[in-house]
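# A structural walkthrough
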Amino acid sequence: AQSVTQLDSQVPVFEEAPVELRCNYSSSVSVYLFWYVQYPNQGLQLLLKYLSGSTLVKGINGFEAEFNKSQTSFHLRKPSVHISDTAEYFCAVSFSGGSNYKLTFGKGTLLTVNP
Amino acid sequence: GAGVSQTPSNKVTEKGKYVELRCDPISGHTALYWYRQSLGQGPEFLIYFQGTGAADDSGLPNDRFFAVRPEGSVSTLKIQRTERGDSAVYLCASSWSNTGELFFGEGSRLTVL
């Protein structure tokens with residue numbers, strides 16, 4: 001079955017610390033991978049995406065993610081977080097193998113950055 | 001406007017009533033999507049339009065839910081005989097092409113009492 005798992009529902013960190021938000025998926029077909037961020041009282045915003053090519057993808061606000069096909073993972077990282085990074089982060093996968101309009105989202109990880 | 005606009009932002013209704021939620025996508029975006037986000041969950045796909053037609057409505061939970069996009073721009077999600085379990089945030093998104101880069105609105109929060 002096709003699924004998306006975000007292993008941590010909440011991740012508290014201190015400002016300027018590194019952070020990794022984990023995402024794993026289950027699929028027998030090729031996938032496209034995305035991370036979206038939702039700031040308080042705002043809509044979802046695309047952080048970064050992997051469609052093909054280099055497995056290390058850089059996004060906005062200093063975030064990056066690495067696609068690991070053998071481990072079926074797409075973990076999100078940032079070397080030094082800011083208070084303003086406090087938000088909910090969603091991993092999303094398109095299992096459509098090309099007709100990639102339908103995204104399956106994980107349950108989200110709430111990142112809280114403390115001073 | 002520049003982004004995806006959804007109205008109303010909040011809707012409180014009584015069980016059994018009919019509701020309509022509106023989405024105004026980014027100008028020129030041909031694809032439009034509806035998702036539903038329940039508390040503590042990620043968004044769940046409901047329906048996808050390419051132009052005026054519903055290309056995929058497999059996520060609609062039952063026949064009480066219906067969506068239209070008559071002129072290929074604004075879309076309306078319609079829910080008949082609302083139930084308490086329909087309470088959620090309904091998200092609309094649009095895109096230029098099938099790359100998964102969806103632009104989301106802020107959502108319509110529906111509360112069914």
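Because the structure is a prediction, the values reported are computed rather than measured. (Residues numbered from 1 in each chain as written. Chains lettered and ligands numbered in written order. Predicted model: local features only at pLDDT ≥ 70, side-chain atom pairs only at ≥ 80, totals over all residues. Heavy atoms only, no water.)

## Brief notes about the overall build of chain A
A count of helical and extended segments in chain A gives 0 helices and 12 strands. For 115 residues, the compact-globule estimate of 2.2 N^0.38 gives 13 Å, and chain A sits close to it at 14 Å. With the principal axes as the frame, chain A shows a C-alpha extent of 40 × 30 × 20 Å. Split into buried and exposed, the 115 residues of chain A put 43% on the buried side. Sequence separation of 24 or more characterises 56% of the internal contacts of chain A that already satisfy a separation of 6 or more. Here chain A holds 8 positive side-chain charges and 8 negative ones, and the gap between their average locations is 12 Å. (Helix = DSSP H or I, 4+ residues; strand = E, 2+ residues; numbered from the N terminus. Rg over C-alpha atoms; globule rule 2.2 N^0.38 Å. Buried < 20%, exposed > 50% of the residue type's maximum accessible area, 1.4 Å probe, protein only. Contact = heavy atoms within 4.5 Å. Lys, Arg positive; Asp, Glu negative; His and termini not counted. Charge placed at Lys NZ, Arg CZ, Asp CG, Glu CD.)

## Re the state of the cysteines
Residues and elements named next belong to chain A. Considering all chains together, one arrives at 2 disulfides over all chains under this definition. Disulfide pairing places cysteine 23 opposite cysteine 91 at an S-S distance of 2.0 Å. Measuring handedness by torsion sign, the sulfur bridge of cysteine 23 and cysteine 91 sits at about -65 degrees and is left-handed. Residue cysteine 23 is located in the loop between strand E3 (19-21) and strand E4 (24-26), and its partner cysteine 91 is located in strand E10 (residues 87-94); the two are separated by 68 residues in the primary sequence. (Disulfide = S-S within 2.5 Å.)

## Examining the pattern of salt bridges
Working definition: two side chains of opposite charge can pair if their charged atoms are close together. All names here are of chain A. Under the definition given, this model contains 9 salt bridges over all chains. Between glutamate 64 and lysine 58 there is a salt bridge; the shortest N-O distance is 2.8 Å. For glutamate 64, a relative accessible area of 22% gives the class partly exposed. Overall, the relative accessible area of 62% leaves lysine 58 in the exposed class. Put simply, aspartate 85 and lysine 78 hold a salt bridge, and the shortest N to O gap is 2.8 Å. No difference in accessibility class separates aspartate 85 from lysine 78, as the two residues are buried. What emerges from the salt-bridge pattern is a single network uniting Glu20, Glu66 and Arg77. (Salt bridge = Lys/Arg side-chain N within 4 Å of Asp/Glu carboxyl O.)

## Looking at unusual backbone geometry
The residue after threonine 7 of chain B, namely proline 8 of chain B, is reached through a cis peptide bond having omega -5 degrees. Along the chain, proline 8 of chain B turns up in the loop between strand E1 (5-7) and strand E2 (10-13). In this structure, asparagine 61 of chain A takes a positive phi of about 60 degrees despite not being glycine. Mapped onto the elements of the fold, asparagine 61 of chain A is located in the loop between strand E7 (56-58) and strand E8 (64-68).

## Brief notes about the confidence of the model for chain A
Considering every residue of chain A, the mean pLDDT works out to 92; 95% of them sit at 70 or more. Highest mean pLDDT in chain A belongs to E3 of chain A (98); lowest belongs to strand E11 (residues 103-105) of chain A (91). (pLDDT = per-residue confidence, 0-100.)

## Side note on the interface of chain A and chain B
Tallying the contact residues gives 18 residues for chain A and 20 residues for chain B. Where chain A abuts chain B, roughly 1600 Å² becomes buried across the two surfaces, and 54% of that area is made up of carbon and sulfur atoms. Put simply, chain A and chain B have 2 salt bridges between them. Residue lysine 102 of chain A is joined to aspartate 56 of chain B by a salt bridge in which the shortest nitrogen-to-oxygen separation is 3.0 Å. Counting every contact that joins chain A to chain B gives 5 residue pairs in polar contact (both at pLDDT 80 or more). Of all the secondary structure elements, the ones that give two or more residues to the side of chain A that touches chain B are strand E5 (32-38), strand E6 (44-50) and E11 of chain A. Of the residues contributing to the side of chain A that touches chain B, the split by class is 9 nonpolar, 6 polar and 3 charged. (Buried area = accessible area lost by both parts, 1.4 Å probe. Polar contact = N/O pair within 3.5 Å; in protein donor to acceptor, adjacent residues only side chain to side chain. Nonpolar A, V, L, I, M, F, W, Y, C, P; charged D, E, K, R; others polar.)

## Notes on the sheet that holds strand E7 (residues 65-68) of chain B
Residue and element names in this part refer to chain B. Spatial ordering of the open sheet is given by E1-E3-E8-E7, a layout of 4 strands whose pairing is antiparallel. With one partner strand each, in any of the chains shown, E1 and E7 form the two edges of the open sheet. For this sheet, the mean angle separating the axes of adjacent strands, direction not counted, is 15 degrees. Two strands pair when backbone bridges link them, and strand E3 (residues 19-24) and strand E8 (residues 75-79) are joined in this way by 5 bridges, in the antiparallel orientation. Residue pairing across strands places glutamate 20 opposite lysine 78, the latter belonging to E8. (Pairing = 2+ DSSP bridges. Axes fitted to C-alpha atoms, helices over the stretch in contact; angles between N-to-C directions.)

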